[in-house]
Structure formats: structure tokens, C-alpha cells
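Architecture and fold: a report
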Amino acid sequence: MKIGVDLGGTNVRVGLVDWDCLVRKLVAPCPKGEEQEVVDVLLSLIGELMAGEVTTIGVGVPSVVDRDKGIVYNVANIPSWKEVHLRRILEDAFHRQVFLNNDANCFALGEYLFGEGRNHDSMVGLTIGTGIGAGLVLDGRLYNGRNTGAGEIGALPFRDTDYEHYCASQFFTAHYQVTAHELEVSARQGDGQALRIWQEFGDNLGCLMQAVLYAYDPELVVLGGGITAAFPFFEEAMRQRLSQFPWQESVRHLHIVPSTLQDAALLGAAMLNG
């Protein structure tokens, strides 16, 4: 048995995992106050799931991580977490080995082991929500970089800002003052304006996919996050943009699919081992 933690700015998710089976999951709102408040929630949730059979604890956090020292820095959407010695805190509390990593890397690892990434040697996991997270599996291994920040392609410059601005939910709110969910509902009702906006989003995402191909040339890209529910509305425009990529042999061998695996990041966190 292993415990996996998916620490987000909105919710903290903790799961008891038996290989690919999520035996039990607990979810609690993430406090917005002091550092210790968030730590206390983590300790409480993990403690409720802790049992004698648990061998390791894996934690995915939306930040860069010093894996050697077990420190997380500047956690996105948790302002109080500037420098948290999380591994020491959890190992002192539970006397289990603790592994830390970026949450997008955990998503990619979960998909590689249990989801769409099975039977693929190279894949990119993209989580599309408020921003864009990215994790890499290259030649059958999770690639972290020095501070678990490898692959964060959404932060690359694009147009007047970066890809994240044009390929995540902030695109809809900033340019059209509407949420992605509202646009999805309208598109399902056949609203022409909503469909056009999704096509524009798909074209933007196609530009991001070209950057992914230039950087990594993977076999597979798995899309996660709530926006992927609207995949049918932006897929065609995304692929149309990819048809302009200069190396079409790479495009022909690239699979782009939405995730169908629930709690991929939680499962991936549980399977961290270094």
C-alpha cells in the first residue's frame, strides 16, 4: 500500500493506493491562511489513511521541488508556502519514506503507468486548467529536470505573453469574459459564437502542440483538466494547425488524446520512488 497526495490551491486530495487501485480517497479544501494551516490539513488527511501496510508517501505539488533536500518552493495558489521542508515534516510525523514531485509530473506518471500512456515509450502529459502544467516521460522514464520543472512548455513566450495565456482557461475569461464551462454548455447547444471561440482556442493549442513536437517529438500527448471535456469542439482546429507543421512524419506518428483516467495525478504521486 502507498499513499498519494495531490496538493492543489483549491483542494487537497489524499488517496490510499494498492498498485492501480484507489482504495480510499479523502478531499478537503486547501486553507488560504498560514503555512501551518495547510500542513495541519495534510497531516490530518494522511493520518486518517495511514495503516501498517503503507510503505511510502508520494506528494505532488504545483511548484518546483528540491527533491534532494525535500523542499518545495513558492507553491502556486498557496501564497504562504514559500519554502516548506515538506519531506522532513511528513517523515517525522509518519516514519515512512516520502517522495516529492511536481503535480504535472505526477499526472504524466499516472497516465504512463495506468492510463493512455501504457505501451508508449515517450509521452507528454498536459494539464489544462487555470494554467498549463506539463510532465514528460522520455524513453520509458519520468524526466524531472533538476527542480522537477522540466517540460513546463506553457511558460514559453507566445504572441504578447505566453502559451498559458492563450491555451488555458484564462484565455476565455481574459478575451471573452466567459468561463470555459459556460462556453462548453453553449457549444453543446449549437451556439455559433461559442463554437468559433473553441475553434480559436484549438488553433492556439495547435501552436502549443507544434512547440511540443519541436521540443520532444513524443509518441503521445495526453490532455488532462476540465477543459478536455470540450475536446470535440477544439480538436479539428488544433489538428488543422498541426497540418502546417514542417515535419509531417512526426505529426502522423503523434497521438493526442484526452485523459480518461480518474485521479491520474494522485495515482502518479503514490508511485513516486525517487
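Here is a short report on the structure shown in this document. (Residues numbered from 1 in each chain as written. Predicted model: local features only at pLDDT ≥ 70, side-chain atom pairs only at ≥ 80, totals over all residues. Heavy atoms only, no water.)

A few points about the layout of surface pockets
Taken as a whole, the largest pocket encloses approximately 1400 Å³ of empty space. Looking at the lining of the largest pocket, the elements with two or more residues in it are β1 (2-7), β2 (11-18), α3 (103-114), β9 (123-128), β10 (132-138), α6 (180-188), β14 (220-224) and α10 (264-270). Class assignment of the residues belonging to the lining of the largest pocket gives a composition of 18 nonpolar, 24 polar and 8 charged. Forming the boundary of the second largest pocket are 15 residues, of which Leu109, Arg141, Leu142, Asn144 and Asn273 lie nearest the centre. Of all the secondary-structure elements, those providing two or more residues to the lining of the second largest pocket are α3 and β11 (141-143). Of the residues in the lining of the second largest pocket, the class split is 8 nonpolar, 5 polar and 2 charged. (1 Å grid on protein atoms, 1.4 Å probe; cavity = no way out; pocket = protein on both sides within 12 Å on 5 of 7 lines; lining within 4 Å. Points joined across faces, edges and corners; volume = space filled by probe spheres on them. Helix = DSSP H or I, 4+ residues; strand = E, 2+ residues; numbered from the N terminus. Nonpolar A, V, L, I, M, F, W, Y, C, P; charged D, E, K, R; others polar.)

Digging into unusual backbone geometry
Positive phi values are uncommon outside glycine, yet His95 reaches one of about 55 degrees. Along the polypeptide, His95 turns up in the loop between α2 (86-94) and β8 (97-102). When its relative accessible area of 65% is taken as the criterion, His95 is described as exposed. Within the chain, Gln177 stands out as a residue other than glycine whose phi angle is a positive 50 degrees. (Buried < 20%, exposed > 50% of the residue type's maximum accessible area, 1.4 Å probe, protein only.)

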